[in-house]
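Letter by letter, the chains look like this.
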Amino acid sequence: MRAVVFERYGEQAEVREVADPAPPTGGVVVRVEATGLCRSDWHGWMGHDPDIVLPHVPGHELAGVVEAVGAGVTGWRAGDRVTAPFVCACGRCAECAAGQHQVCARQTQPGFTHWGSFAEYVALDHADVNLVAVPDGLAYTTAAGLGCRFATAFRAVVARGRVAAGEWVAVHGCGGVGLSAVMIAAAAGARVVAVDTSPEALDLARKFGAAHAVDATAGDAAAAVREATGGGAHLSLDALGSPVTAAASVAGLRRRGRHVQVGLLPEAAGGAVLPMERVIGWELEILGSHGMAAHAYPPMMELVRSGMLRPDLLVTSVIPLDAAPAALAAMGSAAGRGVTVIQPGS
Ligand SMILES: NC(=O)c1ccc[n+]([C@@H]2O[C@H](COP(=O)([O-])OP(=O)(O)OC[C@H]3O[C@@H](n4cnc5c(N)ncnc54)[C@H](O)[C@@H]3O)[C@@H](O)[C@H]2O)c1
Ligand SMILES: [Zn+2]
Ligand SMILES: [Zn+2]
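Residues numbered from 1 in each chain as written. Chains lettered and ligands numbered in written order. Predicted model: local features only at pLDDT ≥ 70, side-chain atom pairs only at ≥ 80, totals over all residues. Heavy atoms only, no water.

Asker: Could you give an account of the site of ligand 1, naming the residues involved and the relevant values?
Answerer: Near ligand 1 you find 30 residues, and of these R39, S40, V177, D196 and L240 are the closest. At a separation of 3.4 Å, an oxygen atom of ligand 1 approaches a polar backbone atom of C174. If you list the elements that add at least two residues to the shell around ligand 1, you get helix 1 (39-45), helix 5 (149-160), helix 6 (176-187) and strand 9 (191-196). Ranked by residue count, the leading element in the shell around ligand 1 is helix 1, at 3 residues. Residues of the shell around ligand 1, tallied by class, amount to 13 nonpolar, 14 polar and 3 charged. Shared between two domains, the shell around ligand 1 takes at least three residues from each, and those domains are domain 1 (2-148 + 292-343) and domain 2 (153-288). (Near = heavy atom within 4 Å. Polar contact = N/O pair within 3.5 Å; in protein donor to acceptor, adjacent residues only side chain to side chain. Helix = DSSP H or I, 4+ residues; strand = E, 2+ residues; numbered from the N terminus. Nonpolar A, V, L, I, M, F, W, Y, C, P; charged D, E, K, R; others polar. Domains from an automatic or database assignment.)

Here's what the structure looks like:
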């Protein structure tokens, strides 16, 4: 099969022929119809993920068709249209037994712990635990995002952030995760303040329901959020992952506000420092959010089916596999302008 391969961190990947994957016991091989270019792929390519072994094929936000089924799989067969959360849970550890598959102690992740979906085919573990059916009417380019950023934003806003109608929600970083969060929070009846450095990203955030847009290049983003919200957001997300956006998200909260960290802050890139005096004195909540378990998808899928949520609108660019290496490298500097999806078959 053709796949995007990199041999060294931060050096341009290339498209080449590699061996087809075989379905693992309990798992499947999926023919990749669409795979999103997520900033986590860029983190992996930069060497921020200790799970990656070189040479490597990135890609974890995918949708496609089951091509081959491994021994022991009962719920899926060749030809099924599927996506899967990028955290492929084991289904059997203590966390999984408690329903918390998104933090499975024995999770595997395509594009991190093994070769991923910037390829014609990808192997996924524990299919009966992790696969999610893609309805016939949902395009693969839309469904790909449900494998990572849209679902991650859904859990971050709804389950971790406990968004409520009428609340102020700030979203720092309006790319794939952030624009999804804007759309989901607005659909929940929250008033959203979008923060980004890119005018195109802020335009998209307004289109997806943000009531205010804050240009982070214009000065103190947290102060602008506090002003727009009459004293601070009830809920705020760092949907980029940087010391600046993490700190601004916390500083833009009102008393007893909730910060959800979604953007990665890898140790290898220096992590981040948060103002713990403020966390104590204002009783702020600092929450992490990591993907979303397959069993938690039905309410989100129903909102997509009904048209309340429109992940299709987030996709601003569809590119062939040959364009993926340059697009991955460009994430280091490119301004946000929506979601790019790769079609490995094209
Ligand atoms: N926790 C999880 O489960 C999970 C899942 C998916 C992605 N992620 C992480 O979430 C983060 C976002 O991923 P993505 O693919 O949406 O990224 P993206 O590149 O699509 O979007 C990032 C956005 O941040 C904006 N930005 C840059 N500097 C800024 C600043 N100083 N202030 C405000 N905005 C700024 C960019 O213009 C862009 O619009 C990444 O760290 C990714 O690895 C985490
Ligand atoms: Zn991702
Ligand atoms: Zn588990």
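There is more to say after this.
Asker: I'd love a proper account of the coordination of the zinc ion (ligand 3), names of residues and values included.
Answerer: Of the protein atoms, only C90 (SG), C93 (SG), C96 (SG) and C104 (SG) coordinate the zinc ion (ligand 3), at distances of 2.3 to 2.4 Å. One way to put it: the 4 donor atoms around the zinc ion (ligand 3) meet at angles of 103 to 117°, and that makes the site tetrahedral. Sequence spacing among the residues donating to the zinc ion (ligand 3) works out to C-x2-C-x2-C-x7-C. Residue C90 is classed as buried on the basis of its relative accessible area, which comes to 6%. (Donors = N, O, S within 2.8 Å, 3.2 Å for Na, K, Ca; no water. Tetrahedral: all angles 85-135°; square planar, octahedral: opposite > 155°, others 65-115°. Buried < 20%, exposed > 50% of the residue type's maximum accessible area, 1.4 Å probe, protein only.)

Asker: Let's hear about the pairing of strand 10 (residues 212-215): which residues, and what values?
Answerer: Across 4 bridges, the pairing between strand 9 and strand 10 is parallel. Following the sheet pairing, V195 is matched in strand 10 by V214. Regarding topology, helix 7 (residues 199-207) serves as the crossover connection from strand 9 to the parallel strand 10, and that connection is right-handed. (Pairing = 2+ DSSP bridges. Right-handed = clockwise from strand over helix to strand, strands pointing away.)

Asker: Any chance you could break down the coordination of the zinc ion (ligand 2) for me, citing the residues and the numbers?
Answerer: Of the protein atoms, only C38 (SG), H60 (NE2) and C148 (SG) coordinate the zinc ion (ligand 2), at distances of 2.0 to 2.3 Å. Mapping the donors of the zinc ion (ligand 2) onto the primary sequence yields the spacing C-x21-H-x87-C. One end of the pair, H60, is in the loop between helix 1 and strand 4 (62-69); the other, C148, is in the loop between helix 4 (140-143) and helix 5, and 88 residues separate them in sequence. Classification of H60 by relative accessible area gives buried; the value is 1%. Classification of C148 as buried rests on a relative accessible area of 6%.

Asker: How would you explain the packing of aromatic side chains if you had to name every residue and give the values?
Answerer: Scanning the model with the defined rule gives 1 aromatic pair in all. Ring centres of F6 and Y9 lie 6.2 Å apart, and the angle between their planes is 55°; on these two criteria the pair is classed as tilted. Given a relative accessible area of 0%, F6 falls into the buried group. On the basis of relative accessible area, Y9 is assigned to the partly exposed category, the value being 35%. One residue, R39, lies across the ring of W42, its end atom 5.3 Å from the ring centre. Between the NZ or CZ atom of R81 and the centre of the ring of Y140, over which it lies, the distance is 4.4 Å. (Phe/Tyr/Trp six-rings, centres within 6.5 Å; stacked < 30°, edge-to-face > 60°. Lys NZ or Arg CZ within 6 Å of the ring centre and 35° of its normal.)

All we've got here are geometric facts, nothing functional implied.
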